[in-house]
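# Geometric and topological summary
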Amino acid sequence: MGKRKLHLAILDMYDGEPNQGMRCIREIVERFNEDISYKIFDVRGKAELPEIRDFDLFISTGGPGNPLEGDGNWDLKYFDFLDQVWIWNQNHSRKKYLLLICHSYQMACRHFGLGQISKRKSTSFGVFAIHKTSDGMQDKLFRNLDNPFWAVDSRDFQVLKPDHKKFKLLGSKIIALEKIRNHVEYERAIMAIRFSDEIVGTQFHPEADPVSFLAHLKKPEVREKIIALKGKAKFRTMLEDLVDENKIYKTNEVLIPNFLENSIRKHRGRDLEVLT
C-alpha cells in the first residue's frame, strides 16, 4: 500500500494583486508532488479559509497593505484559523504544521501579541543579510543556510519590541534578526519567529527566486523608485545578487523545502508509531 499524500493548504493573502510569490510557492511545493497535494484558498478576496481537520500542512503567503487593517470579515476568520491551528496542536498527537510569510507573519505577531507592528520610515526592498539568533542556529528551518544568509525583503511594516513575557508564556523564540546597522540607531526588526514546534514565520520572502526578483525589478516604477531612493549603484547590486548562487537562489532551494521535509518526516514518524 502506497503512502498517503499529505494535504497542504496554501493561504493566498495577495488580495488579487499580481505577484510572483504564488508561482514561486507552487513551484517549490510541486517538487514534493509524490508526498504532498495542495489546494489554494483566496483569503482576502473571498474570505476562504481551510477546514483545519482536512489538511496536514499550511503555507500562508505575503501580501500587500497594512497588517493592522482588515474588513472585519476575512481578518477575523484568519485570526480564528490561527487559533484553531494552535488549539489543535495542544490537543492532538497528529500535529498541523504552518509556515507564515511576510504579511501573514506580521498578522500572527499582532494576533499572538509577540511584538509591536509599526510602519517603517521607508520601504525595505532588496536582497539583505538575515542573521540567525542563537536559537536560530539550532532551528531546522535554517538547516544548510549560512549565518548570515540572504533573502528578499519587501515591506513597509516591521515587527519590533518583543514582549518577552508573551514569548515565554507561549514558548516562542526569535530565530532571526535583520542586518546589523552600526550607522543608525534604529532597533533591528525581528525577521523570523518560531511560534511553536509546529508554527514558524518569516518576515522575508523565502520563496523568492531570481526570476521573480528580476520580474519585479523590470517594472519601470520599481526601477525608478529604487534608483531615486538608493541610487544606480544599489540597483546594479540587486541585479548582481540574482546570479549569486549563495544568495536568494540558495534560500529558495533550502528554506521552504526544509519546512516541508521536516513536516513530512514528523508525519511519517507518527504514522509508523501508530502502525507499530
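A few points on the structure. Predicted model, so just to flag it, every value in this text is computed and none were measured. (Residues numbered from 1 in each chain as written. Predicted model: local features only at pLDDT ≥ 70, side-chain atom pairs only at ≥ 80, totals over all residues. Heavy atoms only, no water.)

## Brief notes about the overall build of the protein
Counting its secondary structure elements, the protein contains 10 helices and nine strands. Over its C-alpha trace the protein gives a radius of gyration of 18 Å, about what one expects of a compact globule, namely 19 Å for 276 residues. Each of the three principal axes of the protein carries a C-alpha extent, and together these read 60 × 40 × 40 Å. Classification of the 276 residues of the protein by burial places 50% in the buried group. Counted over contacts in the protein with a minimum sequence separation of 6, partners at least 24 positions apart contribute 78%. Element-wise, carbon and sulfur atoms account for 50% of the exposed surface of the protein, whose accessible area totals about 13,600 Å². On the protein, the mean spot of the 45 positive side-chain charges and the mean spot of the 40 negative ones are 3 Å from each other. (Helix = DSSP H or I, 4+ residues; strand = E, 2+ residues; numbered from the N terminus. Rg over C-alpha atoms; globule rule 2.2 N^0.38 Å. Buried < 20%, exposed > 50% of the residue type's maximum accessible area, 1.4 Å probe, protein only. Contact = heavy atoms within 4.5 Å. Areas by Shrake-Rupley, 256 points an atom, 1.4 Å probe, with all protein chains shown as cover. Lys, Arg positive; Asp, Glu negative; His and termini not counted. Charge placed at Lys NZ, Arg CZ, Asp CG, Glu CD.)

## Digging into the nonpolar core
Ranked by size, the top nonpolar core spans 36 residues in total, and within it I36, I59, F142, F204 and L260 carry the most contacts. Elements with a minimum of two residues in this core: β1 (6-12), α1 (21-29), β3 (57-60), β4 (97-101), β6 (149-160), β7 (173-177), β8 (190-194) and α10 (248-275). The element that contributes the greatest number of residues to this core is α10, accounting for six residues. The contact partners of F142, leaving out residues within four places of it in the chain, are K132, G136, F149, I175, A176, A192, F204, L255 and N258. (Core = buried A, V, L, I, M, F, W, Y, C linked by side-chain atoms within 4.5 Å.)

## Points about the packing of aromatic side chains
The final tally for this structure, using the stated rule, is nine aromatic pairs. Here the aromatic rings of F41 and F55 are separated by 5.5 Å at their centres, their planes lie at 85°, and the arrangement is edge-to-face. With F41 in strand β2 (residues 36-42) and F55 in the loop between α2 (43-46) and β3, this pair connects stretches of sequence that are 14 residues apart. The buried category is assigned to F55, whose relative accessible area is 10%. For the ring pair Y105 and F195, a centre distance of 6.4 Å and an interplane angle of 80° mean the geometry is edge-to-face. Here the residue Y105 occupies a position in helix α4 (residues 103-112), and F195 occupies one in the loop between β8 and β9 (199-202), the gap between them amounting to 90 residues. Since its relative accessible area comes to 0%, F195 is described here as buried. An aromatic cluster is built from F41, F55, F58, Y78 and F81, whose rings are joined through pairwise contacts. The ring of W88 carries K96 above its face, with NZ or CZ at 4.5 Å from the centroid. (Phe/Tyr/Trp six-rings, centres within 6.5 Å; stacked < 30°, edge-to-face > 60°. Lys NZ or Arg CZ within 6 Å of the ring centre and 35° of its normal.)

## Describing the pairing of β9
Of the two faces of β9, both are covered, the one formed by I199 and G201 as well as the one formed by V200 and T202. Of the strand pairs in this sheet, β8 and β9 are connected by three bridges, and their pairing is antiparallel. Looking at the pairing, I193 lines up with G201 of β9. Hairpin geometry of β8 and β9 is characterised by an intervening segment of four residues between the two adjacent antiparallel strands. (Pairing = 2+ DSSP bridges.)

## Re the state of the cysteines
Applying the stated criterion across every chain yields a total of zero disulfides. With no disulfide of its own, C24 has C102 as its nearest cysteine by sulfur position, at a separation of 13 Å. By relative accessible area, which is 2% here, C24 ends up buried. Free of any disulfide, C109 has its nearest neighbouring cysteine sulfur in C102, separated by 11 Å. (Disulfide = S-S within 2.5 Å.)

## Things to note about the layout of surface pockets
For the largest pocket, the calculated volume is near 930 Å³. Among the elements of the structure, α1, α4, β5 (116-132), β6, α7 (210-217) and α8 (220-230) are those that each provide at least two residues to the lining of the largest pocket. With six residues, the single largest contributor to the lining of the largest pocket is α8. Taken together, the residues of the lining of the largest pocket sort by class into 16 nonpolar, 14 polar and eight charged. (1 Å grid on protein atoms, 1.4 Å probe; cavity = no way out; pocket = protein on both sides within 12 Å on 5 of 7 lines; lining within 4 Å. Points joined across faces, edges and corners; volume = space filled by probe spheres on them. Nonpolar A, V, L, I, M, F, W, Y, C, P; charged D, E, K, R; others polar.)

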